[in-house]
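# Geometric and topological summary
So the chains spell out like this:
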Amino acid sequence: MSTAPDPLRVSVIIGSSREGRFGPTVATWFIDHARQRENLALDVIDLVEAPLALAPGAASPGSRREAEELSERLRTADAFVVVTPEYNHSFPASLKSVIDAHSTEWRAKPVGFVSYGGLGGGLRAVEQLRLVFAELHAVTVRDSVSFHTAWERFDGEGSLIEATMYEGSAKGMLDQLTWWATALREAKAVRPYEV
């Protein structure tokens, strides 16, 4: 009698920490969509609450403890979804700070993207993040979810106005993320990833 595999642990990282940010609206829609999949266990990491730019060993004991807790959450994830805006044709400094403060936590794990912005829909930020994650030995999935002129896509309550296209994009990205996360988890159980 076979048992179902453990759900994949997916960390959803809300990458903007600016005052008045739109990220939580986009992230809430995505999280609600992803939670419909029984094979995923989501851990939401909002960078407003994360110890930015702090690696384990930071100055104050409280900061050090928070940084170690964040490192553990990233370490135990099987995959990541980064929710990012596009600022000046790139991604937020808060996101880069957290990425740079960790290294082995990203290795041999897939990363998916949900982006938002003006006419570019955050895609330039995603393209730059693909380069950064490749350097950290992560695998970025091809498909992403992109909200062009994002603030026009949601109503005053934060509900997506026309969801069909975005639900299809999210399904494609999550299908790829799930495939890679499963394949890499199984491969690492047989042979640890070493660089």
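For the structure itself, look to the data block above.
Summary of the structure given here. (Residues numbered from 1 in each chain as written. Predicted model: local features only at pLDDT ≥ 70, side-chain atom pairs only at ≥ 80, totals over all residues. Heavy atoms only, no water.)

### Some details on the environment of Arg 185
Following the sequence through the fold, Arg 185 ends up in helix H5 (residues 164-190). By relative accessible area, which is 24% here, Arg 185 ends up partly exposed. Between the alpha carbons of Arg 185 and Leu 8 there is a distance of 9.0 Å; along the sequence they are 177 residues apart. Dropping the residues within four chain positions of it, Arg 185 is found in contact with Pro 5, Asp 6, Pro 7, Leu 8, Arg 9 and Asp 78. (Helix = DSSP H or I, 4+ residues; strand = E, 2+ residues; numbered from the N terminus. Buried < 20%, exposed > 50% of the residue type's maximum accessible area, 1.4 Å probe, protein only. Contact = heavy atoms within 4.5 Å.)

### Focus on the environment of Gln 36
By the element assignment, Gln 36 lies in the loop between helix H1 (23-34) and strand E2 (40-46). Residue classification places Gln 36 among the exposed residues on the basis of a relative accessible area of 61%. Sequence separation of Gln 36 and Gly 158 is 122 residues, and the distance between their C-alpha atoms is 18 Å.

### What to know about the packing of H1 against H5
H5 packs onto H1 with a crossing angle of 60° between their chain directions and a minimal axis gap of 11 Å. Relative to H5, H1 is oriented so that their crossing is right-handed. Two secondary-structure elements touch here, H1 through Trp 29, Phe 30, His 33 and Ala 34 and H5 through Tyr 166, Glu 167, Ala 170, Lys 171, Met 173 and Leu 174. Considering only residue class, the contact of H1 with H5 consists of seven nonpolar, one polar and two charged. (Axes fitted to C-alpha atoms, helices over the stretch in contact; angles between N-to-C directions. Left-handed = near helix turned anticlockwise from the far one by under 90°. Nonpolar A, V, L, I, M, F, W, Y, C, P; charged D, E, K, R; others polar.)

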